[in-house]
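Spelled out, the chains give:
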Amino acid sequence: MLHPMNPGDEQLLLDLLNSTPVVERESRDLLAADDEAQHWALARGGSGSRAEIGHLRRVRDRLQAVVRGREPVAVLAPSLRGVRLRPDLTGDGVSWRLDVDDDRRLATRALLTWGHLQERMSGRLRPCANPECRLFLLDRSHGNSARWCSMKVCGNRLKVRRHYRRSQAAG
């Protein structure tokens, strides 16, 4: 797949997927309130319009379901309708420009980045292994062995719990 990935597109994708964190045991949605969602979009190069926020929410929800294995990839199809990549000839060769309405650009960049990662790094974008966590990680380890969004937070927490249970069972 030819994809005009911008330098921050992988981070954009992770930010979008991780916009529903669990904070102090409560689920939050960073795109739920229009003013917070507008700030979120503007900070990532978007316009912050209501239409853009709507597209971000839909793409996020569908991508989360696909990455978690709860929905088939086909649920993403409506978000790609009308999206085109246009070739531009430059002095250095061919570059690709994303041709989509401005209100859909940010969500589409995240979606195309997901597709690019599926081809280049299949199986490395996944949910955190902590069942209490709603975050996602992009595993860049050599052995594809990363399990937690954060070893300090989720990984350590689960290891401490398992150790406590084993010590209680032994004692």
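Check the entry above for the structure.
The structure presented is a predicted model; accordingly, all values stated were derived computationally and were not measured.

**Q** Which parts of the structure should I look at to understand a nonpolar patch on the surface?
**A** A cluster of nonpolar side chains, namely Leu-89, Val-94 and Trp-96, defines an oily patch on the protein surface of about 330 Å² accessible area. For Leu-89, the location among the structural elements is in strand E3 (residues 84-90).

**Q** I tried to follow the pattern of salt bridges on my own but got confused; where do I start?
**A** Between side chains of opposite charge, a pair can form when the charged atoms approach closely. According to the stated counting rule, one finds 13 salt bridges in the structure shown. A salt bridge links Glu-10 to Arg-120, with the shortest nitrogen-to-oxygen separation between them at 3.1 Å. Here the residue Glu-10 occupies a position in helix H1 (residues 9-17), and Arg-120 occupies one in helix H5 (residues 102-120), the gap between them amounting to 110 residues. Judged by relative accessible area, Glu-10 falls into the buried class, the value being 13%. Here Asp-29 ties to Arg-60 by a salt bridge, and the two come within 2.8 Å at their closest N and O atoms. With a gap of 31 residues between them, Asp-29 in the loop between strand E2 (26-27) and helix H2 (34-43) and Arg-60 in helix H3 (residues 50-67) connect regions that are remote in the sequence. For Arg-60, a relative accessible area of 2% gives the class buried. Overlapping salt bridges bring together Glu-10, Arg-120 and Arg-140 as one network.

**Q** Honestly, the side chain of Thr-20 in this entry has me stumped. Any pointers?
**A** Tracing the backbone shows Thr-20 in the loop between H1 and strand E1 (22-23). With relative accessibility at 5%, the residue Thr-20 sits in the buried group. Separated by 2.9 Å, the side chains of Thr-20 and Gln-64 make a polar contact. Not counting chain neighbours up to four residues away, the residues in contact with Thr-20 comprise Arg-28, Asp-29, Arg-60, Gln-64 and Arg-134.

**Q** Can you help me understand the nonpolar core in this one?
**A** One recurring pattern in soluble globular proteins: nonpolar side chains tend to sit buried together. Membership of the largest hydrophobic core comes to 26 residues, with the highest contact counts inside it found for Leu-13, Leu-16, Trp-40, Leu-56, Leu-63, Trp-114 and Leu-125. When residues no more than four places from it in sequence are discounted, the contact partners of Leu-56 are Leu-16, Leu-31, Trp-40, Ala-41, Leu-106 and Ala-107.

**Q** I'm lost on the environment of Glu-71 in this one. Help?
**A** Note that Glu-71 resides in the loop between H3 and helix H4 (77-80). Residue class for Glu-71 comes out partly exposed when judged on its relative accessible area of 40%. With residues near it in sequence (within four places) discarded, Glu-71 still touches Ala-65 and Val-66.

Cut-off values and rules
Residues numbered from 1 in each chain as written. Predicted model: local features only at pLDDT ≥ 70, side-chain atom pairs only at ≥ 80, totals over all residues. Heavy atoms only, no water. Patch = residues over 30% accessible without salt bridge, like charges linked within 9 Å, V, L, I, M, F, W, Y side chains within 5 Å. Areas by Shrake-Rupley, 256 points an atom, 1.4 Å probe, with all protein chains shown as cover. Salt bridge = Lys/Arg side-chain N within 4 Å of Asp/Glu carboxyl O. Helix = DSSP H or I, 4+ residues; strand = E, 2+ residues; numbered from the N terminus. Buried < 20%, exposed > 50% of the residue type's maximum accessible area, 1.4 Å probe, protein only. Polar contact = N/O pair within 3.5 Å; in protein donor to acceptor, adjacent residues only side chain to side chain. Contact = heavy atoms within 4.5 Å. Core = buried A, V, L, I, M, F, W, Y, C linked by side-chain atoms within 4.5 Å.

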